[in-house]
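# A closer look at the structure
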Amino acid sequence: MKSIKALLKESVVLGDGGYLIELERRGYVDSGSGREKVGTGKGSGQFTPEVAIEHPDALKELHYEFLNAGSHVLQALTFFGTREKLNRAGYGPQTERINSAAVKLAKEVAGERALVAGSVSRTQLIEREGIGALDKAEDHIAEQIRLLKDAGVDFLILETFFHLAEMKAALKCARAADLAAVATISFRPLITQCTDGHSPAECARVMADCGAVAVGANCEQEPTRMLPLLREMRSAVQVPIAAQPAAFRTTDACHCFTRQPAFPDELETIQVSRREFREFGCVARAEGVGYVGGCCGCNAAYIRALANGLDSSR
Ligand SMILES: [Zn+2]
């Protein structure tokens, strides 16, 4: 297999996603809504990846579906897999097992047909304890990245970070582990700035300066809502833009689905159709998006729609 950097040079890379919401719908992931109010951004809610050790066949099946839809990259389901987050969900002692099992499953399915990315997200420490917890967050992220490297990932996708400061720390850890990283921030409640107040253009510049091989946004918005912020990033950097939008409709007042009243138990009522992803695939190349996949709300049908859109723009 070629490296992610080489693939990005050749053509638009088709990603996958999203794993957690799809597996939650299939009954294998805990949304946390039975215990606490989720979607506050304060680090409540569960959505942790223990499915990798509790229902490995279910996770493997979803990997097969994305591969079959045309994904060039399979993301190991290691989202929210830092010891910090797993501890709060009751899975701290299984941190090593969950991360290594998730990578192993993705690699078994990918074989020589796709690259395997380790997914790393925010620790939620900054939301809970403030920016003073940044060093602690970095230690947790560094530990997870070491586990992912040991398990044999091809590269990292640093995703769904809310604070640019925490993303910078994660990119530092990726560099220290000598792993290439695609870096995507999630913008909420509006697409105009991330949680610590940086514009999309600033975020893109900083992430590119920190060595990311592609920079962009993921989650929270549907493709049409995300497009303007991607354009802003496109004009700010030379590296490829990465986009993994959600498949949920947002509003002009609130550009993120996790703050809509429908999250997490009525998401079906704001589902965006796969047609919007096909259209996004059609324009991705022209808009300078070099890595395109899905996030929450997407399944293999959405990735196939993206692939069709990309093909039609050739
Ligand atoms: Zn998402």
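Scroll up for the structure.
Conventions adopted
- Residues numbered from 1 in each chain as written.
- Predicted model: local features only at pLDDT ≥ 70, side-chain atom pairs only at ≥ 80, totals over all residues.
- Heavy atoms only, no water.
- Helix = DSSP H or I, 4+ residues; strand = E, 2+ residues; numbered from the N terminus.
- Expected span 1.5 Å × (residues − 1).
- Buried < 20%, exposed > 50% of the residue type's maximum accessible area, 1.4 Å probe, protein only.
- Contact = heavy atoms within 4.5 Å.
- Polar contact = N/O pair within 3.5 Å; in protein donor to acceptor, adjacent residues only side chain to side chain.
- Donors = N, O, S within 2.8 Å, 3.2 Å for Na, K, Ca; no water.
- Salt bridge = Lys/Arg side-chain N within 4 Å of Asp/Glu carboxyl O.

### Side note on helix H13 (residues 300–312)
Its 13 residues place the ends of H13 18 Å apart at the C-alpha level, agreeing with the 18 Å of an ideal helix rising 1.5 Å per residue. Of all the residues in H13, the buried ones are Ala-300, Tyr-302, Ile-303, Ala-305, Leu-306, Ala-307, Gly-309 and Leu-310. On its buried side, H13 packs onto strand S1 (13–14), helix H4 (56–69), helix H12 (274–284) and strand S8 (289–292). Near the N-terminus of H13, the side chain that reaches the backbone nitrogen of Ala-301, with its oxygen 3.0 Å away, is that of Asn-299.

### Comments concerning the coordination of the zinc ion
When four donors bind a metal tetrahedrally, each ideal donor-metal-donor angle is 109.5 degrees, and when six bind octahedrally, the ideal angles are 90 or 180 degrees. Here the zinc ion is held by the protein donor atoms Cys-219 (SG), Cys-295 (SG) and Cys-296 (SG), which lie 2.2 to 2.3 Å from it. In terms of primary sequence, the donors binding the zinc ion are separated according to C-x75-C-C. One end of the pair, Cys-219, is in the loop between strand S6 (214–218) and helix H11 (223–234); the other, Cys-296, is in the loop between S8 and H13, and 77 residues separate them in sequence. Of the two residues, Cys-219 and Cys-296, neither departs from the other in class, the shared state being buried.

### Quick word on the pattern of salt bridges
Across all of its chains, the model carries 18 salt bridges by this definition. The shortest N-O distance in the salt bridge between Arg-26 and Glu-65 comes to 2.9 Å. Of this pair, Arg-26 sits in the loop between helix H2 (19–25) and helix H3 (51–54) while Glu-65 sits in helix H4, and the two are 39 residues apart along the sequence. Judged by its relative accessible area of 32%, Arg-26 falls in the partly exposed class. Relative accessible area serves as the criterion here: at 19%, Glu-65 is assigned to the buried category. For Glu-138, the salt bridge is made with Lys-172, and the minimal N-O distance between the two is 3.1 Å. With Glu-138 in helix H8 (residues 134–151) and Lys-172 in helix H9 (residues 164–176), this residue pair connects regions lying 34 residues apart in the sequence. For Lys-172, a relative accessible area of 44% puts it in the partly exposed group. Each of Glu-22, Arg-26 and Glu-65 takes part in salt bridges that share partners, so that together they form one network.

### Considerations on the side chain of Glu-127
As for its placement among the helices and strands, Glu-127 is situated in helix H7 (residues 125–129). Overall, the relative accessible area of 12% leaves Glu-127 in the buried class. A distance of 2.7 Å separates polar atoms of two side chains, one belonging to Glu-127 and the other to Arg-122.

### As for unusual backbone geometry
Here the bond from Gly-17 into Gly-18 is cis, since omega is 0 degrees, no more than 30 degrees from zero. With respect to the helices, strands and loops of the structure, Gly-18 is situated in the loop between S1 and H2. The omega angle of the peptide bond from Arg-188 to Pro-189 is 0 degrees, so this bond is cis rather than trans. Backbone geometry places Asp-178, a non-glycine residue, at a positive phi of 60 degrees. With respect to the secondary-structure elements, Asp-178 resides in the loop between H9 and strand S5 (181–185). When its relative accessible area of 65% is taken as the criterion, Asp-178 is described as exposed. Phi at Glu-220 takes a positive value of approximately 70 degrees, unusual for a residue other than glycine. Position of Glu-220 among the secondary structure elements: in the loop between S6 and H11.

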